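One-letter residues, chain by chain:
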Amino acid sequence: MMLYVKLFWEFFQTGLFAVGGGMATLPFLYDISDRTGWFTHAQLADMIAVSESTPGPIGVNMATYSGYITGGLPGAIIATLGLITPSVIVILIIAAFLYAFHDNKYVNGAFYGLRPASAAMITSAGIILARVVFFAGDFTNMINLKALALAVALLVFTHAIKFTKKLHPVIWIAFSAVVGILFAY
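Residues numbered from 1 in each chain as written. Predicted model: local features only at pLDDT ≥ 70, side-chain atom pairs only at ≥ 80, totals over all residues. Heavy atoms only, no water.

Caption draft 1: Fine view of the packing of aromatic side chains. Taken as a whole and assessed by the stated rule, the structure comprises 4 aromatic pairs. Aromatic side chains Trp 9 and Phe 12 sit 5.9 Å apart centroid to centroid with 15 degrees between the ring planes, which places their arrangement in the stacked category. Taken together, the residues Trp 9 and Phe 12, both in helix H1 (residues 2–17) and 3 residues apart, mark about one turn of the helix. On the basis of relative accessible area, Trp 9 is assigned to the partly exposed category, the value being 48%. Connected via pairs of aromatic rings, a cluster forms that spans Phe 8, Trp 9 and Phe 12. (Phe/Tyr/Trp six-rings, centres within 6.5 Å; stacked < 30°, edge-to-face > 60°. Helix = DSSP H or I, 4+ residues; strand = E, 2+ residues; numbered from the N terminus. Buried < 20%, exposed > 50% of the residue type's maximum accessible area, 1.4 Å probe, protein only.)

Caption draft 2: Structural context of the nonpolar core. Counting residues in each nonpolar core, the largest one holds 15 residues, and the members touching the most others are Phe 11, Leu 29, Ile 32, Phe 39, Leu 44 and Met 62. Elements with a contribution of two residues or more to this core: H1, helix H2 (26–36), helix H3 (41–53) and helix H4 (58–100). Per-element tally for this core: the top contributor is H4, with 5 residues. (Core = buried A, V, L, I, M, F, W, Y, C linked by side-chain atoms within 4.5 Å.)

Read these as geometric descriptors, not functional statements.
Listed below in structure tokens is the structure:
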């Protein structure tokens, strides 16, 4: 029982202080490894590889994996809850404050101004991703014709052909994965 309390506390601290995304949890995980001996640095490298290759936030994936190798399924659940609890608490506090100001013209104006900034950041990420996929990371390189052909085919199938427009996105993701494997992207 004490192991689970320690797991929750260690990952609660990690969730509270690791600001900046999942990779910001790495120094905390190395520290946990050194202080507790629950997992080795080699196992931590495996955690990173597994967490990067599975869906979901890397920090949560790493907490789940760490908890699992430390305390089995209950450990995985407890470590994950420990990591996300600080975020939930902070979000609830912010939501309470924002609700008190939901009719404030300055707060509404600030959120209105954040929309274009968010759109610009998402657009920037899309451009960077497109550059990496279609131009091998550099606009001066040759265009990746296979990637461009797949993108055009997906665009046509998902927007122009009536029957295929209604297919679930997971089908298109699976289709793209199969095409990537077959054509060795």
